[in-house]
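# Observations on chain architecture
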Amino acid sequence: MGYSMGARIATVFALLNPDRTRSLVLGGVGSNLVAPNGLPSGLAEAMEIERIEDIDDHGLKIFRGFAESRAAT
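Cut-offs and rules
- Residues numbered from 1 in each chain as written.
- Predicted model: local features only at pLDDT ≥ 70, side-chain atom pairs only at ≥ 80, totals over all residues.
- Heavy atoms only, no water.
- Helix = DSSP H or I, 4+ residues; strand = E, 2+ residues; numbered from the N terminus.
- Contact = heavy atoms within 4.5 Å.
- Salt bridge = Lys/Arg side-chain N within 4 Å of Asp/Glu carboxyl O.
- Buried < 20%, exposed > 50% of the residue type's maximum accessible area, 1.4 Å probe, protein only.
- Core = buried A, V, L, I, M, F, W, Y, C linked by side-chain atoms within 4.5 Å.
- Expected span 1.5 Å × (residues − 1).
- Arc of directions from axis to C-beta.
- Polar contact = N/O pair within 3.5 Å; in protein donor to acceptor, adjacent residues only side chain to side chain.

### Thoughts on the overall build of the protein
Counting its secondary structure elements, the protein contains four helices and two strands. Each helix (α) and strand (β) of the protein, taken in turn from the N terminus, gives the series β-α-β-α-α-α. Restricting to contacts in the protein with at least 6 residues of sequence separation, those with at least 24 account for 26%.

Laid out in structure tokens, this is it:
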């Protein structure tokens, strides 16, 4: 069972361990998030960088801004 990033982790676990997975309950996840290479390169770094202004990639800056607006950093 997983929600958002937990859903992605649960999906990857299930795909890598089908013998240990009977069923999944997923929420808050889009199909691109669980696709291979679904997360953009540099996402972890963008979440950890001190100042959002220092992020060069527009998409990563939007993701970071959304996370900050939800107090998820």
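So that's the structure; there's more coming.
### Digging into the pattern of salt bridges
Counting across every chain of the model gives three salt bridges. Here Asp54 ties to Arg51 by a salt bridge, and the two come within 3.2 Å at their closest N and O atoms. Using a relative accessible area of 39% as the deciding quantity, one classes Asp54 as partly exposed. For Arg51, a relative accessible area of 42% gives the class partly exposed. Ionic pairing is found between Arg64 and Glu68, a salt bridge with its closest N-O pair at 2.7 Å. A residue pair is termed a helical-turn pair when its members lie 3 or 4 positions apart in one helix, as Arg64 and Glu68 do in helix α4 (residues 58–69) at four residues. Sharing partners across several salt bridges, the network here consists of Arg51, Glu53 and Asp54.

### Let's talk about the environment of Met47
Inspection of the secondary structure puts Met47 in helix α3 (residues 43–48). According to the relative accessible area criterion, Met47 is partly exposed, its value standing at 25%.

### Thoughts on the environment of Asp56
Among the secondary structure elements, Asp56 is positioned in the loop between α3 and α4. Considered as a pair, Asp56 and Ala46 are ten residues apart in the sequence and their alpha carbons are 9.2 Å apart.

### Description of the nonpolar core
By size, the foremost hydrophobic cluster in this structure holds five residues: Leu43, Ala46, Ile52, Ile55 and Leu60. Those residues within four positions of Ala46 in sequence are excluded, and the remaining contacts are Ile55, Leu60 and Arg64.

### Digging into α4
Between its first and last C-alpha, α4 extends 16 Å over twelve residues, near the 16 Å set by a 1.5 Å rise per residue. Within the sequence span of α4, burial applies to Leu60, Arg64 and Ala67. Buried residues of α4, seen end-on, are gathered within an arc of 60 degrees and therefore sit on one face of the element. Packing partners of the buried residues in α4 comprise α3. Between a side-chain oxygen at the N-terminus of α4 and the backbone nitrogen of Gly59 the separation is 2.9 Å; the capping residue is Asp57. Residue Ala71 follows α4 closely and has a positive phi angle near 55 degrees.

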